[in-house]
Structures are given as C-alpha cells and as structure tokens.
Amino acid sequence: MSEPVAEPAGVLLVDKPQGITSHDVVDSVRRLYRTRRVGHAGTLDPMATGLLIVLVGKATKASDQLMAQDKEYLGEATLGVVTDTQDAEGETLETNPVPEIAEAQVRAALASMLGDQFQVPPMHSAKKIGGQKLYDLARKGIEVVREPRAISIAEFELLSWQSPKINFRVRCTKGTYVRTLAFDLGRKLGPGAHLSMLRRTRSGQLDLSRGHTLPQLGAMTDDQLVAALVPVSEAAPAA
C-alpha cells in the first residue's frame, strides 16, 4: 500500500474481541494507519468485548469529551461465586449455594440500584492512587483505601434470569465499574456474584452498529481505512 499523503484523523469504532487489552487494539490501529498519534476513549478490560472508541491523529484532542459520555453495556452476572477481581478472571473467594430466587426479586434488586450513588473502585482496576495503578498494588497483596466516586445508573434492565445467571442491560455514567454492580447485585440477592460477561454496546451517540472488527480493518485499503473514520464533529458535536 502507498503511504498516505496526510495523517488521517477521526474516530474509529472498533468491536474489541475478548482476551486482548485496549492498548493491544491501539497498537494494531497504529500499524494500520501508520501513525503514532492513536489513543482510546475509555478502557475495556481484556475479558470485555464491544465498542472501543479509538482516536486517530488530531482526534486524540477530543479524548476527554468522548470519555465523558454515558455508556451502555450488556452483561451477565453469575450468582454463587465471588472472585477477588469481581469478574471471571479472578481467583474464587467464595462459593455459595444459590437459593430459589423469583424473577420479581431480581427485578426489584436491579431497580433498587438505579439513580445517583457513590461507588468504591475495585482494587483490581487501572485507577491510580499515589501514582500507582490499583491492580499493581492488588497483585502485591496490598489493599488501600479508595475514595468513592459519584456515578449514576439510568437503566438497569433484566434481559433474562435462569439461575444462576442474570443477563442484563445497563446504561450508566462514565467511570462506572459494571463488575462492581454485579458484585453488589449478588450481595443484594444473597449468595454473591461475579461478572461473567460484559459487552459495551454504546458510548454517547456512538454504537456498535458502526463498529469494525480488527480482521475487517486489516482487510481494508488505505482509502477504506480513512473512510471508516467518523469525523470528531459527528462523534462529539460540541468538540
């Protein structure tokens, strides 16, 4: 492929697969667009899939604005097993029997978690305290006090309940840890829970219907790659 005449710029919507980091996606996009100026607006854990907003070229300046958007996720909480990371990648801390729970109880528990609230970031997270990432401290067996952060849950919808698995859709503000929601939901229902699946479907007005997988991007020509970029003015109109 010939070298592009000018550095491409725009917002790339990537459907991140499971098992790789958000930084891995950024590295792939750097190679495809042949520019170092690539970042992302909102990390997805390796276990999570779905919408990763990747910023190319001058679009990296809109990072804060795009990160501030509300997010929507599809998730699955598995009752009866509690892990140290609050998700399926962690070590099991508790295994508890799951009692008979009616669907109405699950719906009531979800409804009770709506609205403005404070959430304590989990130790296994990329949040920094004193210049150190919490998950680095957690791996050393160190637990520190974390300040609760203000979040808001606009929607927490039950999609299906088949014991021990609760499938849900949640719409929440930036910085919300969905695995902590799953953990808290498990405590409300009794036996505890961990997040066993997470897929981000929307961020602000951007959704997965316009997303591209890495294999799809890898098969594109230079012109197609440039055409795949959403202008910043469209992705974040007030930018």
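You'll find the structure just up there.
Participant: Whenever I open this one, the nonpolar core confuses me. Can you help?
Facilitator: What tends to happen in soluble globular proteins is that the nonpolar side chains get buried as a cluster. By size, the foremost hydrophobic cluster in this structure holds 45 residues, and its most contacted members are Leu12, Tyr33, Ile166 and Val170. Formed by 14 residues, the second largest nonpolar core is a distinct cluster that contains Val11, Leu66, Ala235 and Ala236.

Participant: Hey, could you run me through helix 1 (residues 22-33) in this one?
Facilitator: Note on helix geometry: an α-helix contains 3.6 residues per turn, so any two residues three or four positions apart are oriented the same way. The terminal C-alpha atoms of helix 1 lie 17 Å apart, and with twelve residues this matches the ideal 16 Å at 1.5 Å per residue to within 8%. Buried residues in helix 1 make contact with strand 1 (10-16), strand 2 (38-40), strand 3 (49-56), helix 6 (214-218) and helix 7 (222-227). Following helix 1 by one or two positions, Arg34 has its phi on the positive side, about 50°.

Participant: Help me understand the pairing of strand 11 (residues 165-172), please; the structure alone is not making it clear to me.
Facilitator: Remember that side chains alternate between the two faces of the sheet whenever the strand is regular. The buried fraction of strand 11 is high, at six of eight residues. The sheet contact formed by strand 4 (residues 71-79) and strand 11 spans eight bridges and is antiparallel. Bridging across to strand 11, Glu72 finds its partner in Arg171. Pairing of strand 10 (residues 149-162) with strand 11, which is carried by eight bridges, proceeds in the antiparallel orientation. Bridging from a neighbouring strand, Gln162 pairs with Lys165 of strand 11.

Participant: So what exactly am I meant to see when it comes to the packing of helix 3 (residues 103-111) against helix 5 (residues 178-189) here?
Facilitator: Pairs of packed helices are described in terms of their axes, by the angle between the two and the distance that separates them. Where helix 3 meets helix 5, the axes come as close as 10 Å, and the angle between the chain directions of the two elements is 130°. As the angle between them shows, helix 3 and helix 5 are arranged oblique. The handedness of the crossing between helix 3 and helix 5 comes out as right-handed. Touching Gln105, Val106, Ala109 and Leu110 of helix 3 are Leu185, Lys188 and Leu189, all from helix 5. Of the residues belonging to the contact of helix 3 with helix 5, the class tally is five nonpolar, one polar and one charged.

Rules behind the numbers
- Residues numbered from 1 in each chain as written.
- Predicted model: local features only at pLDDT ≥ 70, side-chain atom pairs only at ≥ 80, totals over all residues.
- Heavy atoms only, no water.
- Core = buried A, V, L, I, M, F, W, Y, C linked by side-chain atoms within 4.5 Å.
- Buried < 20%, exposed > 50% of the residue type's maximum accessible area, 1.4 Å probe, protein only.
- Helix = DSSP H or I, 4+ residues; strand = E, 2+ residues; numbered from the N terminus.
- Expected span 1.5 Å × (residues − 1).
- Contact = heavy atoms within 4.5 Å.
- Pairing = 2+ DSSP bridges.
- Axes fitted to C-alpha atoms, helices over the stretch in contact; angles between N-to-C directions.
- Parallel < 35°, antiparallel > 145°, perpendicular 65-115°, else oblique.
- Left-handed = near helix turned anticlockwise from the far one by under 90°.
- Nonpolar A, V, L, I, M, F, W, Y, C, P; charged D, E, K, R; others polar.

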